[in-house]
Amino acid sequence: MLQELGLRYPIFQGGMAWVATGSLAAAVSEAGGLGIIGSGHAPAEYVKAQINIAKEQTDKPFGVNVMLLSPYVEEVIAVVAAAHVAVVTTGAGDPSRYLAQLQKAGSRVLPVVPSVALAKRMARSGVDGVIAEGMESGGHIGTMTTMALVPQVVDAVDIPVIAAGGIADGRGVVAALALGASGVQMGTRFLAASETLIHPRYQQAVVAAKDVDTLVTGLYVGHAARVLKNPMSRQYLRLEKRLAIEGGDMSAVEALGNGSLRIAVQEGDPERGSFMAGEIAGLIHDVRPAASILATIMQEAQQVAANDWRSRLVAP
Ligand SMILES: Cc1cc2nc3c(=O)[nH]c(=O)nc-3n(C[C@H](O)[C@H](O)[C@H](O)COP(=O)(O)O)c2cc1C
């Protein structure tokens, strides 16, 4: 499928709500990956405008991520179908009711799946591939790790599997391909792309993060999300744990989280903003253009593939 799309590199830039604009997606697609616009809970006009920006900036294929829980999902699907977007990835559930419409418009549809069961159900419904996303990822997550999830999904379905979660360099790409993935999706690495117009405090927090600098909020509320440790996420977690122990009403925690990614992106306020990022942030040390990120990762991947670790697989 990746060859049919004409991608130079087997790398998707994950659609990220508020973060992945038409310009970022175009820059990634121009550089040989697949850029994906994040639509989040934005209205259809926003998504249309971002698609138009991407189309002005690249002739290469790009994608749109549709959040199925968005109040505007029907209108967003209509906009995406009318634009004949090459790839539609979906978050938060089962896109099968939109499948015929999107595939008729020429889109390949790849839902994000956190489990083998959902991957199998999606394959049966006729999707073009799945994105198996581990809980190392930034943003909303399931409970499986990428290392355990990807090979199990690969064995369970006969459609392409894209591995996501915890990948930010050539080693990660080769590892994912070794697990049987057809390609990878990266989000956190692209938070630190020059074309990503998030608040500098958010971007610098990603670059400064160490391996243990993320935590998972929302476990008790039912929508877990991985974010950087900051005053906001610590406060959220404290309140959430207290209410869970006391059996209190969780709506106060939900209210705290509402709009917090937008605040992180636009205002960079660590007291009120959820700086969503994955565990691999500790591996990211600089902000660079998307083209440089992709070229470096593919050079590293080729070096890793040519490395003498393969000799360790041969019995002495
Ligand atoms: C800030 C941020 C926002 C995200 N928003 C979305 C989203 O709206 N829809 C979605 O399907 N995935 C979303 N993701 C997940 C990414 O698309 C991608 O699958 C994930 O970041 C891969 O893991 P990594 O962060 O370890 O690279 C988001 C991730 C981040 C970091």
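Thresholds applied
- Residues numbered from 1 in each chain as written.
- Predicted model: local features only at pLDDT ≥ 70, side-chain atom pairs only at ≥ 80, totals over all residues.
- Heavy atoms only, no water.
- Axes fitted to C-alpha atoms, helices over the stretch in contact; angles between N-to-C directions.
- Helix = DSSP H or I, 4+ residues; strand = E, 2+ residues; numbered from the N terminus.
- Parallel < 35°, antiparallel > 145°, perpendicular 65-115°, else oblique.
- Left-handed = near helix turned anticlockwise from the far one by under 90°.
- Contact = heavy atoms within 4.5 Å.
- Nonpolar A, V, L, I, M, F, W, Y, C, P; charged D, E, K, R; others polar.
- Near = heavy atom within 4 Å.
- Polar contact = N/O pair within 3.5 Å; in protein donor to acceptor, adjacent residues only side chain to side chain.
- Areas by Shrake-Rupley, 256 points an atom, 1.4 Å probe, with all protein chains shown as cover.
- Domains from an automatic or database assignment.
- Buried area = accessible area lost by both parts, 1.4 Å probe.
- Salt bridge = Lys/Arg side-chain N within 4 Å of Asp/Glu carboxyl O.
- Pairing = 2+ DSSP bridges.
- Phe/Tyr/Trp six-rings, centres within 6.5 Å; stacked < 30°, edge-to-face > 60°.
- Buried < 20%, exposed > 50% of the residue type's maximum accessible area, 1.4 Å probe, protein only.

Caption draft 1: Quick look at the packing of helix H2 (residues 44–57) against helix H3 (residues 73–82). Contact geometry of H2 with H3 gives a least axis separation of 8 Å together with a crossing angle of 25°. In terms of orientation, H2 lies roughly parallel with respect to H3. Pair H2 / H3 crosses with right-handed handedness. Across from Ala44, Val47, Lys48 and Ile51 in H2, the residues of H3 making contact are Glu75, Val76, Val79 and Val80. Split into classes, the residues belonging to the contact of H2 with H3 amount to 6 nonpolar, no polar and 2 charged.

Caption draft 2: Structural view of the site of the ligand. As a structural note, the neighbourhood of the ligand is formed by 19 residues, with Asn65, Glu133, Gly166, Gln185 and Thr188 the closest of them. Between the ligand and Gly166 there is a distance of 2.8 Å, counted from an oxygen atom to a backbone nitrogen or oxygen. At a separation of 2.8 Å, an oxygen atom of the ligand approaches a polar side-chain atom of Gln185. For the ligand, the accessible surface in isolation is 600 Å², of which the surrounding protein chains cover 95%. Mapped onto the shell around the ligand, the elements with two or more residues apiece are strand E3 (63–67) and strand E9 (183–186). Taken together, the residues of the shell around the ligand break down into 7 nonpolar, 11 polar and 1 charged.

Caption draft 3: Up close: the domain arrangement of the protein chain. The domains assigned to the protein chain are domain 1 (11–197 + 284–304) and domain 2 (210–276). Computed over C-alpha atoms only, the centres of domain 1 and domain 2 are separated by 24 Å. The junction of domain 1 with domain 2 conceals about 910 Å² of combined surface from both sides, 64% of it contributed by carbon and sulfur atoms. Contact with domain 2 buries area across many residues of domain 1, yet Trp18, His140 and Ile141 alone supply 53% of it, more than any other trio. For the interface between domain 1 and domain 2, the tally reads 0 salt bridges. For the pair domain 1 and domain 2, the interface holds 3 residue pairs in polar contact (both at pLDDT 80 or more). Broken down by class, the residue content of the side of domain 1 that touches domain 2 amounts to 6 nonpolar, 4 polar and 1 charged.

Caption draft 4: The side chain of Thr214, seen in detail. Mapped onto the elements of the fold, Thr214 is located in strand E10 (residues 214–217). Looking at Thr214, its side chain comes within polar contact range of the side chain of Arg226, at 3.0 Å.

Caption draft 5: Region of the structure containing the sheet that holds strand E11 (residues 225–228). Taken in spatial order, the 3 strands of this open sheet run E7-E11-E10, and their pairing is antiparallel. Taken across any chain shown, the strands that pair with only one partner, and hence form the sheet edges, are strand E7 (139–140) and E10. As paired strands, E10 and E11 are joined by 4 bridges and run antiparallel to one another. When the sheet's bridge partners are listed, Val216 is paired in E11 with Arg226. Contacting E10 and E11, helix H10 (residues 231–246) runs over the sheet at an angle of about 40° to E10.

Caption draft 6: Up close: the packing of aromatic side chains. With the rule as written, the count across this model stands at 1 aromatic pair. Each ring, one from Tyr202 and one from Phe275, has its centre 4.9 Å from the other, and the planes form 35°; the classification is tilted. Placement of Tyr202 in helix H9 (residues 200–208) and of Phe275 in the loop between helix H12 (260–267) and helix H13 (290–306) is noted, with a sequence separation of 73 residues between them. Judged on exposure class, the residue Tyr202 and its partner Phe275 are both buried.

Caption draft 7: Seen up close, the side chain of Thr146. Relative to the helices and strands, Thr146 resides in helix H6 (residues 146–156). For Thr146, a relative accessible area of 7% gives the class buried. Engagement of the side chain of Thr146 in a polar contact is seen with the side chain of Glu136, the distance being 2.9 Å. Those residues within four positions of Thr146 in sequence are excluded, and the remaining contacts are Gly134, Glu136, Pro151, Ala164, Gly165 and Leu179.

Caption draft 8: Molecular detail of unusual backbone geometry. Phi is positive for Trp18, close to 70°, though the residue is something other than glycine. Note that Trp18 resides in the loop between strand E1 (11–13) and helix H1 (22–30). Trp18 gets classed as partly exposed once you look at its relative accessible area, which sits at 42%. At His84, a residue that is not glycine, the phi angle is positive and equals roughly 50°.

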